[in-house]
Structure formats: structure tokens, C-alpha cells
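Coordinate inspection notes
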Amino acid sequence: MAEMVLSLIVFLLPLAYSPGPANMVFAATGARFGPRATIPMSLGYHLATWAVTLAIGLGFAGAVGQMPLLLKALRWAGALYVLYLAWRLARAGASSAKAISGLSGMRDGALLLLLNPKAYVIIALMFAQFLGRAPLGPVAEVVLITTVFTLNNLLAFICWTVVGDRIAALFRSERAARRLNAGFALVLAGVALWMLLG
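Given the structure is predicted, the values throughout are model-derived calculations rather than measurements. (Residues numbered from 1 in each chain as written. Predicted model: local features only at pLDDT ≥ 70, side-chain atom pairs only at ≥ 80, totals over all residues. Heavy atoms only, no water.)

1. Here's the deal with the pattern of salt bridges
All told, the structure shown has 1 salt bridge when counted by the stated rule. For aspartate 165, the salt bridge identified is with arginine 166, shortest N-O distance 3.3 Å. Owing to a relative accessible area of 55%, arginine 166 belongs among the exposed residues under this scheme. (Salt bridge = Lys/Arg side-chain N within 4 Å of Asp/Glu carboxyl O. Buried < 20%, exposed > 50% of the residue type's maximum accessible area, 1.4 Å probe, protein only.)

Structure (C-alpha cells):
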């Protein structure tokens with residue numbers, strides 16, 4: 001079982017730590033508001049990750065595979081949502097408490113996962129590769145894979161959030177913060193375009 005978990009982590013490393021829609025949102029949010037303010041968003045994202053991954057592992061993957069229009073709709077909805085986050089980030093000032101609470105809530109985190117088609121594809125691929133490789137019953141194995149996947153993502157997003165915060169330390173004045181917001185908003189808009197292009 002330890003060998004399967006290690007193989008799973010190695011499989012997930014490039015997927016979790018390379019730039020992607022969620023990583024960029026967490027880097028931008030960490031840069032803008034600091035790591036502490038991203039905790040509710042992270043909690044929402046990773047609770048949704050665990051629930052969605054468990055559902056896919058227990059059979060949802062087959063249903064998604066039978067409905068390609070569902071993935072297309074998720075891609076568009078996800079891209080529009082990331083554009084919406086970019087717009088809100090671009091409008092935030094250097095010290096807006098309202099923006100902090102409004103941009104990094106649990107709902108935002110959960111929606112970020114639910115509207116990310118890349119996450120569904122990665123989860124389905126992960127189960128295709130690793131289900132049936134541990135000496136456990138099927139449900140226990142799905143729970144184990146789901147939990148390892150979620151914890152690995154959590155660690156990756158903490159890293160991205162801290163990197164964003166370190167970059168932002170150079171931009172603490174109101175004017176510099178607005179420039180940083182605009183820059184990260186452009187990054188998120190680029191991510192939304194990337195999501196649309198698949």
C-alpha cells in the first residue's frame with residue numbers, strides 16, 4: 001500500500017504544482033490578501049475536492065464520460081468564473097477589508113473546484129491509473145486515493161499562496177498594490193482563456 005501511495009504522489013506532483021487555473025487563483029489571492037485570508041477559500045476548495053473526488057471514484061467518472069456536453073459547459077462556466085474573479089481583483093484597493101472577505105470565501109473556493117474541468121479529467125485519470133493497486137476494499141481504496149489527492153493539492157496551494165504573498169511584499173503601497181492587482185487580474189484572464197481553449 002505504501003508503494004501505491006508513493007507512486008500516486010509522484011504521479012500528482014507535476015499536476016498539482018505546475019501552473020493551472022486554481023494555482024494561479026490562489027497565488028493571486030495570496031499576493032493580494034496574504035496567506036491567512038485564503039484559509040476560507042482553501043477550506044471550500046479542498047472540501048469540494050474531497051467530495052468530488054470521492055464521487056468520481058465511486059462511479060461519477062463514467063457518467064461524465066457519457067456526457068461530453070457537461071465538460072464543455074463546465075469549461076465555459078469555469079472560464080467565466082475565473083474572469084469574474086479577475087474583474088473583482090482588478091477593482092480591489094490596497095487595503096479593502098470588504099474585498100478580502102468577498103474574494104476569498106469558502107463559496108469561492110468550492111466554485112473554483114466545481115467549475116474546473118481540468119480537475120475532473122485529472123481525477124478520472126488518477127483513478128484509472130491507481131484504483132485496484134492497494135490491498136483494500138474498493139470503498140476504502142477510493143477514500144485513501146481521495147484523501148492523498150486532496151492533501152497533496154492542499155500542500156501545493158499553500159506553496160502557491162506563499163509565493164504570491166512573497167511577490168506582493170514588494171508592492172505594499174496603494175499605487176503598487178493596484179498595479180499588482182491589475183497584473184494578477186491579467187494573469188487570471190489569461191487562465192480563463194486557457195481554460196476555454198482546453
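2. Some remarks on helix H7 (residues 117-130)
Across its 14 residues, H7 extends 20 Å between first and last C-alpha, which sits within 8% of the 20 Å expected from 1.5 Å per residue. Phi for glycine 132, located one or two positions after H7, is positive at around 95 degrees. (Helix = DSSP H or I, 4+ residues; strand = E, 2+ residues; numbered from the N terminus. Expected span 1.5 Å × (residues − 1).)

3. Examining the confidence of the model for the protein
Taken residue by residue, the protein gives an average pLDDT of 77. The fraction at 70 or more is 76%. When mean pLDDT is compared element by element in the protein, helix H8 (residues 138-168) scores highest at 89, while helix H5 (residues 97-103) scores lowest at 44. Of the regions scoring below 50 in pLDDT, residues 95-102 engages in 8 contacts with residues more than four places distant in sequence or in other chains. (pLDDT = per-residue confidence, 0-100. Contact = heavy atoms within 4.5 Å.)

4. A few points about the packing of helix H2 (residues 21-33) against H8
Two elements in contact, H2 and H8, have axes whose closest approach is 7 Å; the angle formed by their N-to-C orientations is 40 degrees. In terms of orientation, H2 and H8 fall into the oblique class. Seen along the crossing, H2 lies across H8 with a hand that is right-handed. Contact residues: H2 offers Ala22, Asn23, Met24, Phe26, Ala27, Gly30 and Ala31, while H8 offers Phe157, Trp160, Thr161, Gly164, Asp165 and Ala168. Across the contact of H2 with H8, the residue classes tally to 8 nonpolar, 4 polar and 1 charged. (Axes fitted to C-alpha atoms, helices over the stretch in contact; angles between N-to-C directions. Parallel < 35°, antiparallel > 145°, perpendicular 65-115°, else oblique. Left-handed = near helix turned anticlockwise from the far one by under 90°. Nonpolar A, V, L, I, M, F, W, Y, C, P; charged D, E, K, R; others polar.)

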